[in-house]
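# Results of the structural survey
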Amino acid sequence: MASGHIRSVLVTGSNRGIGLQLVKCFLEKPNPPQVVFATCRDPEGARAQELRHLASKHPNLAILQLETTDEASVKAAAKKVEARLGGAGLNVVINNAGVMPPCTLESATAKDMLDVYTINLVGPMLVTKELLPLLKKAAHGSNQKGMSCGKAAIINMSTVLGSIEKTPEHYFAFPVVSYRCSKAALNMLTKCQSMGYKDDGILCTAVHPGWVKTELGSEQADLTVEESVSGIMKVLCNLSEKQHGVLVTWEGNVLPW
Ligand code: NDP
C-alpha cells in the first residue's frame, strides 16, 4: 500500500550519516515534500557544509538548529517549523540523532549511561512532544483511511542492538552497553507512543537501518548509507497500521523487541 504524498518531514541529526542521506533521498523523490526540515546541532559549522550546499539548490529544504537534548532548542525549532508550515500540519518526524560510545559492563559509569540515555531516548521524547500538535494537525486534517507516512508518523531510528530477544546472537561482537540499554528504552517509548497516539491516527514505528558505514557504524559495517536509506525510503512508503508499534528493519521485516 502506498503512503500517499508526504508533504512535510523533519529529520534530526541530518548533517551526516543516515540523517543526511534521508534528507537527500526525500529531496530527490520524483514528488518531493513541499518542505524538508533538516535539523542539526550546528547549522553554521563545518560539519553542516553539505547540508548548506543542498539548501542552496533546494528551496524546499529548511535547515534548523536543533540540539535534541536541549528543551529550549527543541521548542525554538518547533516554532520555526510551525511558522514555515503556515497553518498546515507536519506529516513525518524522524528521530534519527543518536550516539554509540564504547561502553562495557566494566567501564560504564553513571555519567556514561545517563549521557547516552539522554541523547538516544530523552531527545526523541522531547522532539516528538513539541511537534505533536503539528503531527495531530496533519492526522486530523487528512482524509486518508488507516495509518501512513502520508498522513502522520513518528519514526524512531532504533537498532537490533536494543532488542532483548536478539541480544544473545551478537552481544560479544557489540558490547556497547549504554547504547543497547538506551535503544531498548527507545523501543519502549515507541510502543508507548503507539498506544498514546493511536486514536489520533499517528503511526509510530521503530526502524533498524542495518549495520551501516557511518561514523557510528564504522567502515566495517555491512551496508553503505545509500543501500540502507534506499531500503528505509521504500519501507516508509509502505508503512501502515500493520507496523504501528513495532520494530522493522530497513528491508521491512518485523524484528522482535
Ligand atoms: P552518525 O554518527 O553518522 O550521525 C549521528 C548524527 O546524530 C549526527 O548528525 C550527530 O550530529 C547527531 N547527533 C548526535 N547527538 C545529537 C544531539 N544531542 N542533538 C542533535 N543531533 C545529535 O550516526 P548514524 O547516521 O550511523 O546513525 C543515525 C541513527 O541510526 C542513530 O540513532 C543510530 O543509533 C541509528 N543506527 C545506526 C546504525 C549504523 O550501523 N550506523 C545501526 C543501527 C542504528 P553532530 O554532527 O553534531 O555530532
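Structure: see above.
As the structure is a computational prediction, the values presented were derived from the model and not from experiment. (Residues numbered from 1 in each chain as written. Predicted model: local features only at pLDDT ≥ 70, side-chain atom pairs only at ≥ 80, totals over all residues. Heavy atoms only, no water.)

## Details of the overall build of the protein
The test is simple: Strands here are runs of E lasting at least two residues and helices are runs of H or I lasting at least four, both read from the DSSP assignment and numbered beginning at the N terminus. For the radius of gyration, the atom set is restricted to C-alpha positions; the globular benchmark scales as 2.2 Å times the number of residues to the power 0.38. Exposure categories follow from relative accessible area, calculated using a 1.4 Å probe and restricted to protein chains: below 20% of the type maximum is buried, above 50% is exposed, and the middle band is partly exposed. Here a residue-residue contact requires only that any non-hydrogen atoms of the pair lie within 4.5 Å. Here the open area of atoms and residues is found with the Shrake-Rupley method and a 1.4 Å probe, where only the protein chains shown may cover a residue. Charged residues are defined here as Lys and Arg on the positive side and Asp and Glu on the negative side; His and the ends of the chain fall outside this count. Just so you know, the charge point we use is NZ for Lys, CZ for Arg, CG for Asp and CD for Glu.
Of the regular secondary structure elements, the protein holds seven helices and eight strands. In terms of overall dimensions, the protein is globule-like: its C-alpha atoms have a radius of gyration of 17 Å, near the 18 Å expected for 257 residues. In terms of overall dimensions, the protein has a C-alpha envelope of 50 × 40 × 35 Å along the principal axes. A total of 257 residues make up the protein; the buried ones form 53% of that total. Partitioning the intrachain contacts of the protein with sequence separation of at least 6 by distance along the chain shows that 73% fall at a separation of at least 24. As presented, the protein carries roughly 11,800 Å² of accessible surface, and 57% of it is formed by carbon and sulfur atoms. Each charge sign in the protein was given a centre, from 26 positive and 23 negative side chains, and these centres are 7 Å apart.

## Comments concerning the sheet that holds strand β8 (residues 254-255)
Condition: When DSSP finds two or more bridges between two strands, those strands count as paired. As a rule, the C-alpha atoms of each element are fitted with a line to give its axis, helices using only the stretch in contact, and angles between N-to-C directions run from 0 to 180 degrees.
The eight strands are arranged β3-β2-β1-β4-β5-β6-β7-β8 in an open sheet whose pairing can be described as mixed. Edge strands, defined here as strands with exactly one partner in the open sheet, are β3 (61-65) and β8. Here strand β6 (residues 203-208) pairs with strand β7 (residues 247-249) via three bridges, running parallel. Considered in β7, the bridge of Ala206 is made with Leu247. Lying on the sheet, helix α4 (residues 110-140) is in contact with β1 (8-11), β4 (92-95) and β5 (153-157); it crosses β4 at an angle near 175 degrees.

## Description of the pattern of salt bridges
Selection criterion: The working definition used for a salt bridge is a side-chain nitrogen of Lys or Arg within 4 Å of a carboxyl oxygen of Asp or Glu.
Within the structure shown, the criterion is met by seven salt bridges. One salt bridge connects Lys166 with Glu169, and the closest N-O pair in it is separated by 3.4 Å. Overall, Lys166 belongs to the partly exposed group, its relative accessible area being 21%. A relative accessible area of 58% means that Glu169 is categorised as exposed. Here the residues in one salt-bridge network are Arg16, Arg47 and Glu215, joined through shared partners.

## Some words on the pairing of β1
When a strand is regular, its side chains alternate between the sheet's two faces. Counted only if it meets this: Clockwise travel from the first strand over the helix to the second, with the strands pointing away from the viewer, marks a crossover as right-handed.
Residues Ser8 and Leu10 point to one face of β1 and Val9 and Val11 to the other, with burial holding for every one of them. Strand direction decides the pairing type here: β1 and strand β2 (residues 35-40), joined by four bridges, are parallel. Looking at the pairing, Ser8 lines up with Val35 of β2. Viewed along the sheet, the connection from β1 through helix α1 (residues 17-28) into β2 turns out right-handed. Pairing geometry for β1 and β4, over three bridges, is parallel. Bridge pairing in β4 places Val9 opposite Val92.

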